[in-house]
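# Understanding the architecture of this molecule
Residues per chain are reported as follows:
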Amino acid sequence: KSPEENLLAFEVDDTSADQTLIVTYKKEGNKVNIAKELFSPWIVAVSGIITGSPVVFDVKPLSGSGQLNELIFFRKWSDCKKCVDWLVKKTGYTASDPSAPFYFVSDPVQQFLMVSGKTSFKGMHFEDLNRLQLDIECEVMEGYEFCNAERESDRIIAIGMSDSSGWVEILSVVDMDEKTMLERFVSLVAERNPDVIEGHNIFNFDLPYLKTRAQMHGVALRLGRDGSIPATRSSRFNIGDRTISYERFDIAGRNIIDTLFLVHAYDISYRSLPGFGLKEVALHFGIASENRTYIEGPEIGKVFRRDPRLVLKYVHNDLEETAKLSSLLSRSNFLQAQMLPFSYQNVCVRGNATKIDAMIVREYLRQGRAISMPAKAKKYEGGYTDMFIRGVVKNVHHCDIRSLYPSLMLVKKIKPSQDEAGIFLLMLKELRDIRLDAKKKAVSAQNIHEKFHYEAMQAAFKILIN
């Protein structure tokens, strides 16, 4: 509901003694302006349960019959978390338990977006993003198959970077030592000032490797727009039947997109990929670089000692393919970021049920309505199927029913019984109508960029609708 445009990223600032601020990064022409605004963290809870809280709070009553009928605000994010810990002990429910008599969103940025109505990238096209691709190559100590950042001998031999302006720079130990290369990398990120940093397996390889080698050389990895060092923590990416454990990096004012995750998300829907490595995927999508150089991982160090130019060409090809792959698979996430209360980085790693839930709760809070606790799970027998025609059906050219399930739900008014405000069907109708309109516009698009835009839009809405 917020009309504010050109917002790139959001960060929480809880350093003040008496209030929490949200830092917003906004594109204004060729510059990125940084602003701060006051934010009151919140939880939604059953009436009266907050009595006795160890921290100061304000209560806003919510209307309707939902059990979670008090919106409770705090001055600081740390106060909010302290109260949640107290509620966990008081009630015996964890904060993530659906049966808990309180609702807590553990990401302060998501909380801010849910109550402010702001989202990323309004008024922008995917091409407006300053996207930087990153790829590193390392030596492997003799006798080992894979490089290890903690082995002193397994140095980084090349750091490749490119961005959406066409700029490319590949640093290597041919021209400088590893420490100088890392320092130059940090200064180039500040100079190019990307909105997004992209890489294939960047979370589990490139960024952790750079972090370890930078620590080894005493180089401060100041990659944030505010000059800060990335925050890291262990995390998991769940998609369909797959779980990927990874080291999450958060860089202030920038989003990180791992194209490996995008590839897994694509394959869950289509089950068509021969593998998940960058080279295999690039060949599958027909985006492999012309005259592509291929070198097996354990051989990179040997080839580099023999012919460094060959490895640098290999890095250049990796950068090209990463940029093309992200351009192909990121657009639907970019468009989802325009409507969902998540950072762009989080849109790419959050599950669809979480996204739908956040949209519905956001609208309930905007209307000042109480939220129902989840109903008990039911056992379903499965879908009804029948055969109406037997034998050969001749001369069938095409048979399809567009948006069958949402259309049935809209016609029959099938919705969650606890959706008192009727948000579910309103959202479903709007999502379906926008998707069908985007499909129509993709067919009649006048140029390739317009076609890509509408194809990505209909794909983004299809994912949410399903």
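Residues numbered from 1 in each chain as written. Predicted model: local features only at pLDDT ≥ 70, side-chain atom pairs only at ≥ 80, totals over all residues. Heavy atoms only, no water.

### Overview of the nonpolar core
- Ranked by size, the top nonpolar core spans 66 residues in total, and within it Trp 42, Val 44, Leu 129 and Tyr 344 carry the most contacts.
- Setting aside residues no more than four positions away along its own chain, Trp 42 makes contact with Leu 71, Ile 72, Phe 73, Phe 74, Cys 80, Tyr 103, Phe 104, Val 105, Gln 111, Met 114, Val 115 and Leu 365.
- Membership of the second largest hydrophobic core comes to 47 residues, among which are Cys 138, Val 189, Phe 249 and Val 315. (Core = buried A, V, L, I, M, F, W, Y, C linked by side-chain atoms within 4.5 Å. Buried < 20%, exposed > 50% of the residue type's maximum accessible area, 1.4 Å probe, protein only. Contact = heavy atoms within 4.5 Å.)

### A word on a nonpolar patch on the surface
- A grouping of Phe 388, Ile 389, Val 393 and Val 396 is seen on the molecular surface, where their side chains present a nonpolar patch of about 450 Å² in accessible area.
- Structurally, Val 396 is set in the loop between α11 (352–366) and α12 (404–412).
- Classification of Val 396 as exposed rests on a relative accessible area of 51%. (Patch = residues over 30% accessible without salt bridge, like charges linked within 9 Å, V, L, I, M, F, W, Y side chains within 5 Å. Areas by Shrake-Rupley, 256 points an atom, 1.4 Å probe, with all protein chains shown as cover. Salt bridge = Lys/Arg side-chain N within 4 Å of Asp/Glu carboxyl O. Helix = DSSP H or I, 4+ residues; strand = E, 2+ residues; numbered from the N terminus.)

### Description of the pairing of strand β2 (residues 20–28)
- Most of β2 sits out of view: seven of its nine residues are buried.
- Both strand β1 (residues 7–13) and β2 contribute to a ladder of six bridges, which runs antiparallel. Within β2, the position partnered with Glu 11 by the bridge is Val 23.
- Hairpin connection between β1 and β2: a loop of six residues separates the two successive antiparallel strands. (Pairing = 2+ DSSP bridges.)

### Thoughts on the sheet that holds strand β14 (residues 255–258)
- Within the open sheet, the five strands sit side by side as β10-β9-β8-β11-β14. Their pairing is mixed. Of all strands in the sheet, those with a lone pairing partner are β10 (168–172) and β14, marking the two edges. Averaged over all neighbouring strand pairs, the angle between strand axes comes to 20°, with direction disregarded.
- Judged from the seven bridges that link them, strand β8 (residues 131–138) and strand β9 (residues 156–163) form a sheet pairing that is antiparallel. Counterpart to Glu 137 in the pairing with β9 is Ala 158. (Axes fitted to C-alpha atoms, helices over the stretch in contact; angles between N-to-C directions.)

### Side note on the side chain of Asp 154
- Structurally, the position occupied by Asp 154 is in the loop between β8 and β9.
- Only 2.7 Å separates the side chain of Asp 154 from the side chain of Arg 151, close enough to count as a polar contact. (Polar contact = N/O pair within 3.5 Å; in protein donor to acceptor, adjacent residues only side chain to side chain.)

### Focus on unusual backbone geometry
- Within the chain, Asn 201 stands out as a residue other than glycine whose phi angle is a positive 65°.
- Among the secondary structure elements, Asn 201 is positioned in the loop between β11 (196–199) and α4 (202–217).
- When its relative accessible area of 27% is taken as the criterion, Asn 201 is described as partly exposed.
- Although it is not a glycine, Lys 413 adopts a positive phi angle of roughly 55°.
- Relative to the helices and strands, Lys 413 resides in the loop between α12 and α13 (423–443).
- What makes Lys 413 exposed here is its relative accessible area of 60%.

### Focus on α12
- Burial in α12 covers these residues: Pro 406, Ser 407 and Leu 410. For α12, the buried positions fall inside an angular range of 100° around the axis, keeping them on one side. For α12, the exposed residues lying more than 90 degrees away from the buried face are Tyr 405 and Lys 412.
- Against the buried residues of α12 lie α13 and α14 (448–465).
- Backbone geometry just after α12 places Lys 413 at a positive phi near 55°. (Arc of directions from axis to C-beta.)

### A closer look at the environment of Asp 400
- Its location among the elements puts Asp 400 in the loop between α11 and α12.
- Once the C-alpha coordinates of Asp 400 and Asn 130 are considered, the two residues, 270 residues apart in sequence, prove to be 40 Å apart.

### Structural notes on the state of the cysteines
- In the structure shown here, the tally under the stated rule is zero disulfides.
- Free of any disulfide, Cys 80 has its nearest neighbouring cysteine sulfur in Cys 83, separated by 7.1 Å.
- According to the relative accessible area criterion, Cys 80 is buried, its value standing at 0%. (Disulfide = S-S within 2.5 Å.)

### Structural notes on the packing of aromatic side chains
- Within this structure, the stated rule accounts for 13 aromatic pairs.
- Residues Phe 10 and Phe 112 carry aromatic rings whose centres are separated by 6.2 Å and whose planes lie at 50° to one another, so their mutual orientation is tilted. Remark: Phe 112 occurs in helix α2 (residues 108–116) and Phe 10 occurs in strand β1; sequence separation between them is 102 residues. The burial state of Phe 10 is the same as that of Phe 112; both residues are buried.
- Taking 4.8 Å as the distance between ring centres and 15° as the angle between the ring planes, the aromatic pair formed by Phe 121 and Phe 334 counts as stacked. Of this pair, Phe 121 sits in the loop between α2 and β8 while Phe 334 sits in helix α9 (residues 331–337); the two residues are 213 residues apart in sequence, bridging distant segments of the chain.
- In textbook terms, an aromatic cluster arises when at least three aromatic residues are bridged by ring pairs, as seen for Phe 121, Phe 126, Phe 334 and Tyr 344.
- Here Arg 292 stacks its cationic end above the ring of Tyr 294, 5.3 Å away from the centre of that ring. (Phe/Tyr/Trp six-rings, centres within 6.5 Å; stacked < 30°, edge-to-face > 60°. Lys NZ or Arg CZ within 6 Å of the ring centre and 35° of its normal.)

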